[in-house]
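Listed below, chain by chain, are the residues.
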Amino acid sequence: MKNKITYLIISTIIAGLTLLSSCKKEVEPFNHPFFHIMVDNKSAIDVLSDRKDLVNYNVYLSAELQFEPIDVNYEVIVGDGLKEGRDFDLITKGTKLNFPPGIFERPITIQWKEAALDPTKNNTIIIKLISNSKNYTLGLPGPDQLQKQLVITKK
């Protein structure tokens, strides 16, 4: 009988502790705003040398609704194998994109032109996010900063 009472008391204590440990405080959802640039969730893509179309490469804001505009600064780095006017035209001018309130993506537009390439040269265009007016993270959160830049290789 004594063992049954001890067993019952221990079972009740364990059940009570389990119940208490499962009660959690409500926590605010994870909110880490960031900007990133990618195509089909990739940070490096290829385009063919005979491509002749207009393409938007979008910079995305991943955040809750913003009520103030945010500026994102970027740079375009062109490899020595490509030349603006011959291989492509950069339609988006400047080095800043403005995200008005409620807007979560902005394009950097490139007009591709058909042109022969020298395969021994660097035939890439890199669109690199540099800074923003809210000091939000650039690239995906984490130490690797994935999607902070988009590398486009013309082949």
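Everything below is about the structure shown above.
Here goes a summary of the coordinates provided. This structure is a prediction, so every number in the text was calculated from the model and none was measured.

1. Observations concerning the nonpolar core
Generally speaking, a soluble globular protein has its nonpolar side chains buried in company with each other.
Link 1 in the chain: Formed by 26 residues in total, the largest nonpolar core has its most connected members in Phe35, Tyr57, Ile110, Trp112 and Ile152.
Link 2 in the chain: By residue number, the principal contributor to this core is strand S3 (residues 54-62), which donates 4 residues.
Link 3 in the chain: Aside from chain neighbours lying at most four places away, what touches Trp112 is Val47, Arg51, Lys52, Asp53, Val55, Tyr57, Asp87, Phe88, Ile125, Ile152 and Lys154.

2. A closer look at the packing of aromatic side chains
Link 1 in the chain: Throughout the structure, instances matching the rule amount to 3 aromatic pairs.
Link 2 in the chain: Residues Phe35 and Phe99 carry aromatic rings whose centres are separated by 5.1 Å and whose planes lie at 65 degrees to one another, so their mutual orientation is edge-to-face. One end of the pair, Phe35, is in strand S1 (residues 34-37); the other, Phe99, is in strand S6 (residues 96-99), and 64 residues separate them in sequence.
Link 3 in the chain: Judged by relative accessible area, which is 1%, Phe99 ranks as buried.
Link 4 in the chain: Ring geometry for Phe88 versus Trp112: centroids 6.2 Å apart, planes at 55 degrees, classification tilted. Pair noted here: Phe88 is in strand S5 (residues 88-90) and Trp112 is in strand S7 (residues 105-112), with a separation of 24 residues, a long-range link.
Link 5 in the chain: Since its relative accessible area comes to 1%, Phe88 is described here as buried.

3. Considering the pairing of S3
Link 1 in the chain: As judged from the 4 bridges shared by S1 and S3, these two strands associate in the antiparallel manner. Looking across to S3, one finds that Phe34 is bridged to Ser62.
Link 2 in the chain: The sheet contact formed by S3 and S7 spans 7 bridges and is antiparallel. Considered in S7, the bridge of Asn58 is made with Pro107.

4. Observations regarding the sheet that holds S3
Link 1 in the chain: What the 5 strands build is an open sheet, ordered S5-S7-S3-S1-S9; its pairing is mixed. With one partner strand each, in any of the chains shown, S5 and strand S9 (137-138) form the two edges of the open sheet.
Link 2 in the chain: In this sheet, S9 lies alongside S1 in parallel orientation, the contact comprising 2 bridges. When the sheet's bridge partners are listed, Phe35 is paired in S9 with Leu138.

5. Brief notes about the sheet that holds strand S8 (residues 124-132)
Link 1 in the chain: Read from one edge of the open sheet, 5 strands run S2-S10-S8-S4-S6, paired in mixed fashion. Unpaired on one side and paired on the other, strand S2 (44-47) and S6 mark the two borders of the sheet. Mean inter-strand twist for the sheet, computed between neighbouring axes without regard to direction, equals 25 degrees.
Link 2 in the chain: Pairing of strand S4 (residues 70-78) with S8 involves 7 bridges; the strand directions are antiparallel. When the bridges of S8 are listed, Val78 appears paired with Ile125.

6. What to know about a nonpolar patch on the surface
Link 1 in the chain: Among the surface-exposed residues, Leu65, Phe67 and Phe104 lie close enough to one another that they form a single nonpolar patch of about 330 Å² accessible area.
Link 2 in the chain: With respect to the secondary-structure elements, Leu65 resides in the loop between S3 and S4.
Link 3 in the chain: For Leu65, a relative accessible area of 47% puts it in the partly exposed group.

7. Quick word on the side chain of Lys154
Link 1 in the chain: With respect to the helices, strands and loops of the structure, Lys154 is situated in strand S10 (residues 149-154).
Link 2 in the chain: A relative accessible area of 2% places Lys154 in the buried class.
Link 3 in the chain: A distance of 2.6 Å separates the side chain of Lys154 from the backbone oxygen of Lys113, its partner in a polar contact.

Thresholds applied
Once a new chain begins, its residue numbering starts again from 1 and follows that chain's sequence as written. Two thresholds apply to this predicted model, a pLDDT of at least 70 for residue-level local features and 80 or more for giving and counting side-chain atom pairs, whereas whole-chain, interface and lining totals are computed over all residues. Side-chain descriptors were evaluated using all non-hydrogen atoms of the structure, hydrogens and water having been removed beforehand. Joining through side-chain atoms within 4.5 Å is the link that ties buried Ala, Val, Leu, Ile, Met, Phe, Trp, Tyr and Cys residues into a set, and such a set is a nonpolar core. The buried label goes to any residue with under 20% of its type's maximum accessible area, the exposed label to any with over 50%, and the partly exposed label to all in between, with areas taken from a 1.4 Å probe on protein chains only. Per the convention used, a helix needs a DSSP run of H or I reaching at least four residues, while a strand needs a run of E reaching at least two, with both numbered from the N terminus. Note on contacts: a residue pair qualifies if any of its non-hydrogen atoms lie within 4.5 Å across the two residues. Geometry of aromatic contacts follows a simple scheme: Phe, Tyr and Trp rings, the Trp one being its six-membered ring, pair when their centres are within 6.5 Å, and the pair is stacked under 30 degrees between planes, edge-to-face over 60, tilted otherwise. Strand pairing is assigned whenever DSSP detects at least two bridges linking the two strands. Between N-to-C directions, angles span 0 to 180 degrees; the directions come from axes that are lines fitted to C-alpha atoms, helices contributing only their stretch in contact. Patch membership needs two things, relative accessible area over 30% and no salt bridge, and members are linked within 9 Å if like-charged or within 5 Å if nonpolar (Val, Leu, Ile, Met, Phe, Trp, Tyr). All accessible areas in this document rest on Shrake-Rupley with a 1.4 Å probe, and a residue is counted as covered only by the protein chains that are shown. What makes a salt bridge here is a side-chain nitrogen of Lys or Arg within 4 Å of a carboxyl oxygen of Asp or Glu, nothing more. Here a polar contact means two N or O atoms within 3.5 Å. Within protein one must be a hydrogen donor candidate and the other an acceptor candidate, and residues neighboring in sequence count only if both atoms are side-chain atoms.

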